[in-house]
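# Notes for the structure review
One-letter residues, chain by chain:
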Amino acid sequence: MSTAVLRDATHWDAAVTKLGHEHLRRHGLRHTGLTWMADAGVPVHVLRKIAGHGSLTTTQRYRHPDRQSITDAGTALSAHLKARRSPNGPQLRAV
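Numbering of residues starts from 1 in each chain and follows the order in which that chain's sequence is written. Local features are withheld for residues below a pLDDT of 70 in this predicted model, meaning they are given only at 70 or higher, and side-chain atom pairs are given and counted only at 80 or more; totals for whole chains, interfaces and linings count all residues. In computing side-chain values, all of the structure's heavy atoms are included and hydrogens and water are not.

Turning our attention to the side chain of Thr 35. Only runs of H or I of at least four residues qualify as helices and only runs of E of at least two qualify as strands under DSSP, and these elements are numbered from the N terminus. With respect to the helices and strands, the residue Thr 35 is situated in helix 3 (residues 26-39). By relative accessible area, which is 7% here, Thr 35 ends up buried. Here the side chain of Thr 35 touches Tyr 62 through a polar contact of 3.1 Å, landing on its backbone oxygen. We call a residue buried when its accessible area falls under 20% of the maximum for its residue type, exposed when it is over 50%, and partly exposed in between, using a 1.4 Å probe and counting protein chains only. N or O atoms within 3.5 Å of each other form a polar contact, as long as, within protein, one can give a hydrogen and the other can take it, and as long as residues adjacent in sequence are counted only when both atoms are side-chain atoms.

Next up, the structure:
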């Protein structure tokens, strides 16, 4: 089934025009759905199956972290860098 047939069968153009979202594309919703599932903790290998991708690399291109996820990653790194290290425990190292 082609995308044109699917678009016509779902009356996509009329629906998004009526909603005032002419810029909205079905493929964008695919990105959004996969990102939301990833944010909910669905493992990437499961997302790959859901999306029907042959490669995890393709699936990873669909994931778009939000601003809060990026902020949380920075906070986690800051906490890690500030943590006291014991002489026998893990040490920070430059790579």
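Read on, since the account is not over.
What follows covers the environment of Val 44. With respect to the element layout, Val 44 can be found in helix 4 (residues 44-51). A relative accessible area of 22% means that Val 44 is categorised as partly exposed. Taking the C-alpha atoms as reference, Val 44 lies 9.3 Å from Leu 34; in sequence the two are 10 residues apart. Excluding anything up to four places from it in sequence, Val 44 contacts Leu 56, Thr 59, Gln 60 and Arg 63. Should any heavy atoms of two residues lie within 4.5 Å, those residues are considered in contact.

Our next topic: the confidence of the model for the protein chain. Detailed reading of the predicted coordinates is not advisable wherever pLDDT falls low. Taken over all residues, the pLDDT of the protein chain has a mean of 83, while the share at 70 or more is 86%. Each residue gets a pLDDT score, which is the predictor's confidence in that residue and runs from 0 to 100. Summarising per-element confidence for the protein chain, the mean pLDDT is lowest in helix 1 (residues 3-9) (78) and highest in helix 4 (92).

Put simply, helix 3 and helix 4 touch, their axes get as near as 10 Å, and they point 150° apart. Comparing their axes, helix 4 and helix 3 come out roughly antiparallel. Judged by the sense of rotation from one axis to the other, the crossing of helix 3 with helix 4 is right-handed. On the side of helix 3, the interface is formed by Arg 30, Leu 34, Met 37 and Ala 38, while helix 4 contributes Leu 47, Ile 50 and Ala 51. In this count, Pro and Cys sit with the nonpolar residues alongside Ala, Val, Leu, Ile, Met, Phe, Trp and Tyr, while Asp, Glu, Lys and Arg are called charged and the others, Gly among them, polar. Tallied by class, residues from the contact of helix 3 with helix 4 come to 6 nonpolar, no polar and 1 charged. Only the stretch in contact is used when fitting a helix axis, every axis being a line fitted to C-alpha atoms; angles between N-to-C directions are given from 0 to 180 degrees. Note on angle classes: values under 35 degrees are labelled roughly parallel, values over 145 roughly antiparallel, values of 65 to 115 roughly perpendicular, and the remainder oblique. For any helix crossing, the convention is left-handed if the near helix is rotated counterclockwise from the far helix by under a right angle, and right-handed if that rotation is clockwise.

Quick look at the environment of His 53 now. When you line up the elements, His 53 lands in the loop between helix 4 and helix 5 (56-60). If near-sequence neighbours (up to four positions away) are discounted, His 53 is found in contact with Arg 30, Leu 34, Arg 48, Thr 58, Thr 59 and Tyr 62. A polar atom in the side chain of His 53 sits 2.8 Å from the side chain of Thr 59.

The phi angle at His 11 is positive, at roughly 55°, despite the residue not being glycine. Within the secondary structure layout, His 11 lies in the loop between helix 1 and helix 2 (12-19).

With 14 residues, helix 3 extends 20 Å between its outermost C-alpha atoms, agreeing within 8% with the 20 Å of an ideal straight helix rising 1.5 Å per residue. Of all the positions in helix 3, only His 31, Leu 34, Thr 35 and Ala 38 are classed as buried. End-on, the buried residues of helix 3 take up no more than an arc of 100°, which puts them together on one face. Considering only its buried residues, helix 3 is in contact with helix 4. Phi for Gly 41, located one or two positions after helix 3, is positive at around 100°. A helix is expected to reach a length of 1.5 Å times the quantity of its residues less one. The arc in question is the one spanned by the directions pointing from the helix axis to the C-beta atoms.

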